[in-house]
Amino acid sequence: MHIHLLGTGAGGGFPQWNCNCNNCKRLRRGEIKSSPRTQSSITVSADGVNWVLFNASPDIRAQLEAFPPMQPARAVRDTGICAIVLADAQIDHTTGLIILREHNKPWDIYCTASVHEDLTTGYPLFNVLSHFRGVNWHEVKTDQSPFTIPEADGLRFTAVPLKSEAPPFSPHRHNTVPGDNVGFRIEDLNTGKNLFYAPGLGMVEDHVVNYMENADCILVDGTVWTNNEMSNEGISDKLASEMGHLDQSSENGIMNMLKPLKKPRKILIHINNTNPILDEESPERAILDKAGIEVSYDGMDIQL
Ligand code: MLT
Ligand code: MN
Ligand code: ZN
């Protein structure tokens, strides 16, 4: 299975247009060893021809330009994207659907009933798309039953309900239901390998540990190093936990959750621009290195 990381930043990307935090400012000035990151999205393919897009970021246009296999040019209008899978209804994960409106047939979109509800009510992207070629919605169940996608030969998917938070515009904000946020196990049926992808994770429940333990590679929520990172810099009055993201450095944080896992390659994704780990020379980054945890970057390729 080919896994290509189209965008490894959290909402806003890095640098964020209006942000002068320590990282964004230094990136603009060329004073930090780091690289810019677009907003959160990955793509997966077993054959290198048909690609399943996981989340559609507002940066999708530039992301596709930067990855030629997704523009196979077999016809005057063409794409390598055979289906779109959504982990939640957040702006950074769905707004790219509008950018993709010129598709010449309805998009096959796989998401849960609650994400579908958000995208037809609080953030009615599906309604807008119905005025173009429309959406062919495939309901993703939250009972952890595996599903397949016809064009994505050789891959099998399982949605894993996660404790996180629904978006601010969601009818389920502060009152989440299973399906507001899911992670995915993505299995390659030929190689027998699997990826566990969870870009928004507020709590590591037992069933999640189970998926992580058995994965060959984990791409997991890397939003913040500390829970109060955004309020510290005077950027937001919200804690990361209130937004449904588990920090990396606290006692019950991501780092300690990943520590006991023997099998998987461990990689952080969906990294907020305030996170000190974006600075490759920071002490926080050195701590991650020592723990065997990688920090993803745009354009990163993983083969499983
Ligand atoms: C999140 O991951 O919590 C959201 O994408 C935040 C946002 O709206 O940018
Ligand atoms: Mn996000
Ligand atoms: Zn910033």
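Up top is the structure these notes are about.
This text gives an overview of the structure that appears in the document. (Residues numbered from 1 in each chain as written. Chains lettered and ligands numbered in written order. Predicted model: local features only at pLDDT ≥ 70, side-chain atom pairs only at ≥ 80, totals over all residues. Heavy atoms only, no water.)

**Brief notes about the overall build of the protein**
If you tally the helices and strands in the protein, you get 10 helices and 13 strands. For the protein, the C-alpha radius of gyration of 18 Å lies close to 19 Å, the compact-globule estimate for 304 residues. For the protein, the spread of C-alpha atoms along the three principal axes comes to 50 × 40 × 40 Å. Sorting the 304 residues of the protein into buried and exposed places 53% on the buried side. Of the contacts formed within the protein by residues at least 6 apart in sequence, a portion of 69% connects residues at least 24 apart. As presented, the protein carries roughly 12,900 Å² of accessible surface, and 49% of it is formed by carbon and sulfur atoms. Averaging the coordinates of the 26 positive side-chain charges in the protein and doing the same for the 38 negative ones gives two points 4 Å apart. (Helix = DSSP H or I, 4+ residues; strand = E, 2+ residues; numbered from the N terminus. Rg over C-alpha atoms; globule rule 2.2 N^0.38 Å. Buried < 20%, exposed > 50% of the residue type's maximum accessible area, 1.4 Å probe, protein only. Contact = heavy atoms within 4.5 Å. Areas by Shrake-Rupley, 256 points an atom, 1.4 Å probe, with all protein chains shown as cover. Lys, Arg positive; Asp, Glu negative; His and termini not counted. Charge placed at Lys NZ, Arg CZ, Asp CG, Glu CD.)

**Brief notes about the site of ligand 1**
Taken together, the neighbourhood of ligand 1 is formed by Gly-11, Gln-90, Asp-92, Met-243, His-245 and His-270. In this structure, an oxygen atom belonging to ligand 1 sits 2.8 Å away from a side-chain N or O atom of Asp-92. Between ligand 1 and His-270 there is a distance of 3.1 Å, counted from an oxygen atom to a side-chain nitrogen or oxygen. With the chains in place, 76% of the 270 Å² that ligand 1 exposes on its own is no longer accessible. Taken together, the residues of the shell around ligand 1 sort by class into 1 nonpolar, 4 polar and 1 charged. (Near = heavy atom within 4 Å. Polar contact = N/O pair within 3.5 Å; in protein donor to acceptor, adjacent residues only side chain to side chain. Nonpolar A, V, L, I, M, F, W, Y, C, P; charged D, E, K, R; others polar.)

**Observations regarding the coordination of the zinc ion (ligand 3)**
Every protein donor of the zinc ion (ligand 3) is accounted for by Cys-19 (SG), Cys-21 (SG), Cys-24 (SG) and Asn-273 (OD1), and the metal-donor separations fall at 2.3 to 2.4 Å. Between consecutive donor residues of the zinc ion (ligand 3), the sequence gaps follow C-x1-C-x2-C-x248-N. Residue Cys-24 is found in helix H1 (residues 22–29), and its partner Asn-273 is found in the loop between strand S11 (265–269) and helix H10 (283–290); the two are separated by 249 residues along the sequence. (Donors = N, O, S within 2.8 Å, 3.2 Å for Na, K, Ca; no water.)

**Quick notes on H1**
Buried residues of H1: Asn-23, Cys-24, Arg-26 and Leu-27, and no others. Residue Gly-30 follows H1 closely and has a positive phi angle near 70°.

**Brief notes about the coordination of the manganese ion (ligand 2)**
With distances of 2.1 to 2.2 Å, the protein atoms coordinating the manganese ion (ligand 2) are Asp-92 (OD) and His-270 (NE2). Within this pair, whereas Asp-92 is found in helix H3 (residues 91–94), its partner His-270 is found in the loop between S11 and H10, the two being separated by 178 residues in sequence. Each member of the pair Asp-92 and His-270 is classed as buried.

**Focus on the environment of Tyr-211**
Mapped onto the elements, Tyr-211 comes out in helix H7 (residues 206–213). Owing to a relative accessible area of 9%, Tyr-211 belongs among the buried residues under this scheme. Taking the C-alpha atoms as reference points, Tyr-211 and Ser-170, separated by 41 residues in sequence, lie 27 Å from one another. Excluding its chain neighbours within four sequence positions, the residues that come into contact with Tyr-211 are Gln-144, Thr-158, Val-160, Arg-185 and Phe-196.

**Observations concerning the sheet that holds strand S9 (residues 194–198)**
Across the sheet, which stays open at both edges, the 6 strands sit in the order S7-S8-S9-S10-S11-S12 with mixed pairing between neighbours. Of all strands in the sheet, those bounded by a partner on one side alone are strand S7 (155–161) and strand S12 (293–295). Adjacent strand axes in the sheet meet at a mean angle of 20° when their direction is disregarded. Pairing of strand S8 (residues 182–188) with S9 involves 4 bridges; the strand directions are antiparallel. For Phe-184, the partnering residue across the bridge sits in S9 and is Tyr-197. On the sheet, H7 packs against S7, S8, S9 and strand S10 (217–221) and is oriented at approximately 155° with respect to S7. (Pairing = 2+ DSSP bridges. Axes fitted to C-alpha atoms, helices over the stretch in contact; angles between N-to-C directions.)

**A few points about the side chain of His-4**
Here His-4 is to be found in strand S1 (residues 2–7). In terms of polar contacts, His-4 uses its side chain to reach the side chain of Asp-301, at 2.7 Å. Setting aside anything within four residues of it in sequence, one finds His-4 in contact with Ile-42, Thr-43, Trp-51, Phe-67, Gly-299, Met-300 and Asp-301.

**A short note on the sheet that holds strand S4 (residues 81–85)**
Pairing is mixed in the open sheet, where 7 strands are placed in the order S6-S5-S4-S3-S2-S1-S13. In the strand order of this sheet, the two ends are held by strand S6 (135–139) and strand S13 (301–303), each with one partner. Strand-to-strand, the axes of this sheet are offset by a mean angle of 25°, without reference to chain direction. The pairing of strand S5 (residues 107–111) with S6 spans 5 bridges and is parallel. Paired with Tyr-110 across the strands is His-138, a residue of S6.

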